[in-house]
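Now for the letters of each chain:
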Amino acid sequence: MHPCTETYPFVNSKEREVKAMLTIIAILVITTFTIAGSYYARRFEKPDGLIALYVLFTTLSQVMAAKIAAFDLMVVTVTAPAAVLVFAVTFLITDIVNEKFGQKQVHEMILITFVTQLAMMVFLYIGGALPPAPFWTGQDAWNSLLGAVPRIMLASWITFLVSENLDAWIFAVVKRKTKGRHLWARNVFSTVPALTVDTVLFVTLAFAGTGAPIWAIMVGQFVTKYLVSVLNIPFMYINRYVLGSSK
């Protein structure tokens, strides 16, 4: 994802409250879809529904990263890719799958998703390389939205593999250490470090040496991703309830 970040206060407090509420509602709506995946997993004793959501969320993150959005957080507004609201939930999904089906299944899910990302980029490249029809005027829009910058794509893939697998590993370790107790702890202490590594590693690989304001780019992602992870904590408990007994 290729973000830029800045912070600034809103003047109108009423407008600030409305925009903050819309951001929170958006996070809750996006996260609610994980419950459908958990229901499928409980009914059929397979993680297929959760894997499908994981692939979808990751794929949409690549597309939504093309838009830089302003997220109102009451005191300030931070700018970051629209994708952060979706991508941050992928870490919740890894925790849900880990809780029910174990660490090995999470690593398999990550590998499946990585392959789909490679395939998506190949297909999009082919689609963009095809000569446009004389009457079609959308080539520039296609290139702007779906065109890939090699360095950014490579940074995105490396970061995805490192951060998502790190989340799976930490979650499993904390679960063993706490003997399956304190679900919130393994959810938080796996997600927050993984999100931190995701942001630092991606921004460094994608923008180091380019003259881009590295720290400023990171701030918006830190704030929005951490907000999503906090709001996701109740959903971890809801999903465990829907899933039933874990491994």
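Look up: the structure comes first, before these words.
All figures in this text were calculated on a predicted structure; none of them were measured in a lab.

Across its full length, the protein carries eight helices and three strands. Starting at the N terminus and walking to the C terminus, you meet the elements of the protein as β-α-α-β-β-α-α-α-α-α-α. In terms of C-alpha radius of gyration, the protein reaches 19 Å, essentially the compact-globule figure of 18 Å for 247 residues. Going through the 247 residues of the protein one by one, you find that 46% of them count as buried.

Close contact between helix 3 (residues 84-101) and helix 8 (residues 214-243) brings their axes to 8 Å; oriented N to C, the two are set at 35°. Here the hand of the crossing between helix 3 and helix 8 comes out right-handed. Each of Val84, Leu85, Ala88, Val89, Leu92, Asp95, Ile96, Glu99 and Lys100 in helix 3 lies in contact with helix 8, whose residues at this interface are Gln221, Thr224, Lys225, Val228, Asn232, Phe235, Met236, Asn239, Arg240 and Leu243. Partitioned by chemical class, the residues of the contact of helix 3 with helix 8 number ten nonpolar, four polar and five charged.

Glancing now at the pattern of salt bridges. Going through the model one piece at a time under the given rule, you end up with seven salt bridges. The salt bridge partner of glutamate 45 is lysine 100, with a shortest N-O separation of 3.9 Å. Of the two residues, glutamate 45 sits in the loop between helix 1 (13-44) and helix 2 (48-64) while lysine 100 sits in helix 3, which places them 55 residues apart along the sequence. Taking the relative accessible area as the measure of exposure, lysine 100 reaches 8% and is therefore buried. Glutamate 99 is paired through a salt bridge with arginine 240; the nearest N and O atoms lie 3.9 Å apart. One end of the pair, glutamate 99, is in helix 3; the other, arginine 240, is in helix 8, and 141 residues separate them in sequence. Linked through salt bridges whose partners overlap, the residues forming this network are Glu99, Lys175, Arg186 and Arg240.

Glancing now at the packing of aromatic side chains. By the definition in use, this model includes eight aromatic pairs. Taking the centre distance of 6.2 Å and the plane angle of 85° together, the rings of phenylalanine 202 and phenylalanine 207 count as edge-to-face. The class of phenylalanine 207 is buried, set by a relative accessible area of 12%. Ring geometry for tryptophan 215 and phenylalanine 222: centres 6.0 Å apart, planes at 50°, overall tilted. Classification of tryptophan 215 by relative accessible area gives exposed; the value is 59%. Three or more aromatic residues joined by ring pairs make a cluster, and in this case those are Trp215, Phe222 and Tyr226.

Turning our attention to helix 1. With 32 residues, helix 1 should reach 46 Å at 1.5 Å per residue; the first-to-last C-alpha distance of 48 Å fits that figure. Turning to helix 1, its buried residues number three or more, namely Ala20, Thr23, Ile27, Ile30, Thr31, Thr34, Gly37, Ser38 and Ala41. The secondary structure elements touched by the buried residues of helix 1 are helix 2, strand 2 (68-72), helix 3 and helix 8. Positive phi shows up at glutamate 45, right after helix 1, with a value of about 55°.

Quick notes on the rules
- Residues numbered from 1 in each chain as written.
- Predicted model: local features only at pLDDT ≥ 70, side-chain atom pairs only at ≥ 80, totals over all residues.
- Heavy atoms only, no water.
- Helix = DSSP H or I, 4+ residues; strand = E, 2+ residues; numbered from the N terminus.
- Rg over C-alpha atoms; globule rule 2.2 N^0.38 Å.
- Buried < 20%, exposed > 50% of the residue type's maximum accessible area, 1.4 Å probe, protein only.
- Axes fitted to C-alpha atoms, helices over the stretch in contact; angles between N-to-C directions.
- Left-handed = near helix turned anticlockwise from the far one by under 90°.
- Contact = heavy atoms within 4.5 Å.
- Nonpolar A, V, L, I, M, F, W, Y, C, P; charged D, E, K, R; others polar.
- Salt bridge = Lys/Arg side-chain N within 4 Å of Asp/Glu carboxyl O.
- Phe/Tyr/Trp six-rings, centres within 6.5 Å; stacked < 30°, edge-to-face > 60°.
- Expected span 1.5 Å × (residues − 1).

The values are spatial; any link to function lies outside them.
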